[in-house]
Amino acid sequence: MCSSDLERFLRYASVTRDEREAEGVPDPPLDTRPVTQAILDSGYRWEEKVVSTLLDGRVHLGEAEEGRELTERVIDQQTARDLLVSVEPGESIYQAELLAPDSFYERYALDRELVYWPACRPDLIECIAGEDGLPQLRVIDIKASPGVKLSHRIQATVYSLILEKLLEEWGADDRAVAPDAGIWLAEQPAPELFDLRV
């Protein structure tokens, strides 16, 4: 692959959905293989079971629109902020949209000319009571797989780091990010937790 092909690939891979048309970037081809679709469908069904059955009545969701799947119910950034600074232990938030603040880029020396971090949507952000009694926010990624992978842990860790910087920016000093995150594997009654410091 020559350098111009590599640059084009990186640009196409990093452009946001909203910017594609304005910048003349084509939509990526859909993977229509039956195996791929079956994997996606099992993931969607597992998310629905966790949210609708295992956590029934304890999850804040984005607005429902007729004909839209649960996985399309995203909580916009302002509503997510309102919920994250007020949610109480025992409650969870499904697909809150988080945008990495400037302090995240500064903390990890990320040059915005080279790196763009699109808004992320953790599957769940669970509020728990910390040892000091203050609320803690724990990121939980729902995966329809039989085991935890390193990539799962990395994803949940990055979401936690972004959330930590957002709470600092908002001045939400009455709560913190939990010292652990979780991966909720297929057909398990609870998420498998891991220490973020590891």
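On a predicted model such as this, the values are computed, not experimentally measured, just so you know. (Residues numbered from 1 in each chain as written. Predicted model: local features only at pLDDT ≥ 70, side-chain atom pairs only at ≥ 80, totals over all residues. Heavy atoms only, no water.)

Caption draft 1: The nonpolar core, seen in detail. Ranked by size, the top nonpolar core spans 30 residues in total, and within it Leu84, Leu98, Leu137, Ile162 and Leu163 carry the most contacts. Among the elements of the structure, helix H4 (77-84), helix H5 (102-107), strand S3 (124-129), strand S4 (135-143), helix H6 (150-170) and strand S6 (180-185) are those that each provide at least two residues to this core. Top contributing element to this core by residue count: H6, with 8 residues. Leave out the neighbours within four places in its chain, and Leu163 touches Leu84, Leu98, Ile125, Leu137, Val139 and Val177. With 11 residues, the next largest nonpolar core counts Trp46, Leu70, Leu124 and Trp184 among its residues. (Core = buried A, V, L, I, M, F, W, Y, C linked by side-chain atoms within 4.5 Å. Buried < 20%, exposed > 50% of the residue type's maximum accessible area, 1.4 Å probe, protein only. Helix = DSSP H or I, 4+ residues; strand = E, 2+ residues; numbered from the N terminus. Contact = heavy atoms within 4.5 Å.)

Caption draft 2: Molecular detail of the confidence of the model for the protein chain. With 83% of its residues at a pLDDT of 70 or more, the protein chain has an overall mean of 86. Per-element averaging of pLDDT across the protein chain places helix H1 (residues 3-14) at the bottom with 59 and strand S5 (residues 176-177) at the top with 98. (pLDDT = per-residue confidence, 0-100.)

Caption draft 3: Main features of the packing of aromatic side chains. All told, the structure shown has 3 aromatic pairs when counted by the stated rule. Aromatic pair Phe104 and Tyr108: ring centres 5.2 Å apart, planes at 55°, arrangement tilted. Classification of Phe104 as buried rests on a relative accessible area of 3%. Residue Tyr108 is classed as partly exposed on the basis of its relative accessible area of 31%. Centre to centre, the rings of Phe104 and Trp117 are 5.6 Å apart; their planes meet at 70°, and the pair counts as edge-to-face. You can see Phe104 sitting in helix H5 and its partner Trp117 sitting in the loop between H5 and S3, a full 13 residues away along the chain. Of the aromatic side chains, those joined through ring pairs into one cluster are Phe104, Tyr105, Tyr108 and Trp117. The ring of Tyr105 carries Arg112 above its face, with NZ or CZ at 3.7 Å from the centroid. (Phe/Tyr/Trp six-rings, centres within 6.5 Å; stacked < 30°, edge-to-face > 60°. Lys NZ or Arg CZ within 6 Å of the ring centre and 35° of its normal.)

Caption draft 4: Expanded view of the pattern of salt bridges. For the structure shown, the criterion picks out 11 salt bridges. With its nearest N and O atoms 3.3 Å apart, the salt bridge here joins Lys143 to Asp141. Neither Lys143 nor Asp141 differs from the other in exposure class; each is buried. (Salt bridge = Lys/Arg side-chain N within 4 Å of Asp/Glu carboxyl O.)

Caption draft 5: Seen up close, the pairing of S3. Pairing analysis gives 3 bridges linking strand S2 (residues 92-94) to S3, with the strands arranged antiparallel. Looking across to S3, one finds that Ile93 is bridged to Ile125. Both S3 and S4 contribute to a ladder of 6 bridges, which runs antiparallel. Bridge pairing links Leu124 to Ile140 in S4. Here S3 folds back onto S4 in antiparallel fashion, the turn holding 5 residues, of which Gly133 has a positive phi close to 90°. (Pairing = 2+ DSSP bridges.)

Caption draft 6: Fine view of H4. Considered for burial, the residues of H4 that qualify are Ala80, Leu83 and Leu84. For H4, the angular spread of buried residues about the axis comes to 95°, placing them on one side. Looking at the buried residues of H4, the elements they touch are strand S1 (59-60), S2, S3, S4 and H6. Two or three places before Gln78, at the opening of H4, Asp76 has a side-chain oxygen 3.1 Å from that residue's backbone nitrogen. (Arc of directions from axis to C-beta. Polar contact = N/O pair within 3.5 Å; in protein donor to acceptor, adjacent residues only side chain to side chain.)

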